[in-house]
Every structure is written in structure tokens, then in C-alpha cells.
Amino acid sequence: MAESADRDANRALRARFDEVYGQYQRLRSGLDELQIRLAELRVTERSDDGQVTAVVGARGELISVEVAPSVFRDRDAGALSRKITDTVLRASRAAVTATRELVAGYLPPGSPSVEFLRTHDFGALLGRADAVLSRGE
């Protein structure tokens, strides 16, 4: 009787291991593709009047800013500065969202890494490691 229970427990444990290992292999094989897609990610935003265009990368880093010649007719440097800043900030926020969605497609649901990208809370990112260390695992 005990031997049968042990075999059932071993089968269940093996099935769980196979499931987790399969998730790991899918994650690992997708990381190269994810790195390429993140390196290629570009987000473009235009000012409301279309005079300023900002392009940013996956981390919100500024790639380029284009200013239409018509913007110089106004000759208001302050307004132009605000328009550029606003457009770049909108592009950066859109890039954060696009990056989070892209990464989420490669990681298991509820992954601390995805949560960190959403909240920028290092506690969420390091919570599992802290729990493991406090238990002495």
C-alpha cells in the first residue's frame, strides 16, 4: 500500500517537474528573441499639431526628434521646448507600456519581473529572493 502511494507521489512530482522544466525551456528559448525584439522596438509619438515627432527605444531612450519647418514661424522658443518635452514624455510612457507588454508575452503570468516593469517596485522584484533567503533555502 505504501509502495503504491510512493509511486503515485513520484508520478505527480515528476509530472510537476516536467511542467516547470517545460516552462523554463520555453522561457529560455524565447529570451534571445525577446532581446532582439526589445533592441528593435521603436515608439513614435507626434505632438497634437504634428509639428514635433519623437522616436524612443524600449527603455524610453530618445532616438530622434524631428521638428517641422512650420514650427519656426511662431518663434516661441518656450512653446517649442514644452511641445518637444511633452512629445518625448508621451513617447517614453508609450515605450514603457510596449516593453511591458512585450516582456509579459515571454514570462509566466504573475512574474515578478513583469510586475517590476509595471510598478518599478524593487520589493516586488526581489520579494521571492527575500522570502527564500529568510527561510534559509
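Shown above is the structure to which this text applies.
Notes on the structure in this doc start here. Only a predicted model underlies this, so the values are computations on that prediction, with no experimental measurement involved. (Residues numbered from 1 in each chain as written. Predicted model: local features only at pLDDT ≥ 70, side-chain atom pairs only at ≥ 80, totals over all residues. Heavy atoms only, no water.)

Take the overall build of the protein next. Helix and strand content of the protein: 4 helices and 3 strands. Counting the 137 residues in the protein, one finds 23% classified as buried. The long-range share in the protein, meaning contacts at least 24 apart out of those at least 6 apart in sequence, stands at 44%. Counting only carbon and sulfur atoms, one obtains 55% of the accessible surface of the protein, whose full area is about 9,800 Å². (Helix = DSSP H or I, 4+ residues; strand = E, 2+ residues; numbered from the N terminus. Buried < 20%, exposed > 50% of the residue type's maximum accessible area, 1.4 Å probe, protein only. Contact = heavy atoms within 4.5 Å. Areas by Shrake-Rupley, 256 points an atom, 1.4 Å probe, with all protein chains shown as cover.)

Let us look at the sheet that holds strand S3 (residues 62–67). In spatial order, the strands read S1-S2-S3; together these 3 strands make up an open sheet with antiparallel pairing. Every other strand in the sheet has two partners, leaving strand S1 (43–46) and S3 as the edge strands with one partner each. Averaged over all pairs of adjacent strands, the angle between strand axes in this sheet comes to 15°, irrespective of strand direction. As defined by bridge partners, strand S2 (residues 52–56) adjoins S3 across 5 bridges and the pair is classed as antiparallel. By the bridge assignment for S3, Val52 is matched with Val67. (Pairing = 2+ DSSP bridges. Axes fitted to C-alpha atoms, helices over the stretch in contact; angles between N-to-C directions.)

Let us look at unusual backbone geometry. Here the phi dihedral of Arg75 falls at roughly 60°; this positive angle occurs in a residue that is not glycine. Along the chain, the position of Arg75 falls in the loop between S3 and helix H2 (77–104).

Another aspect to go through is the environment of Leu34. Structurally, Leu34 can be placed in helix H1 (residues 2–40). Through-space distance from the C-alpha of Leu34 to that of Val103 is 7.1 Å; in sequence the pair is 69 residues apart.

With that settled, consider the environment of Ser70. Considering the arrangement of structural elements, one finds Ser70 in the loop between S3 and H2. Along the backbone, Ser70 and Gln51 are 19 residues apart, and their C-alpha atoms lie at a distance of 7.1 Å.

Moving on, we come to the layout of surface pockets. In this model, the largest pocket occupies a volume close to 200 Å³. In terms of lining residues, the largest pocket is bounded by 10 residues, among which Leu38, Ala58, Arg59, Thr99 and Leu117 are the most central. A total of 3 residues in the lining of the largest pocket trace back to one element, the largest contributor, which is H2. Of the residues belonging to the lining of the largest pocket, the class tally is 5 nonpolar, 2 polar and 3 charged. (1 Å grid on protein atoms, 1.4 Å probe; cavity = no way out; pocket = protein on both sides within 12 Å on 5 of 7 lines; lining within 4 Å. Points joined across faces, edges and corners; volume = space filled by probe spheres on them. Nonpolar A, V, L, I, M, F, W, Y, C, P; charged D, E, K, R; others polar.)

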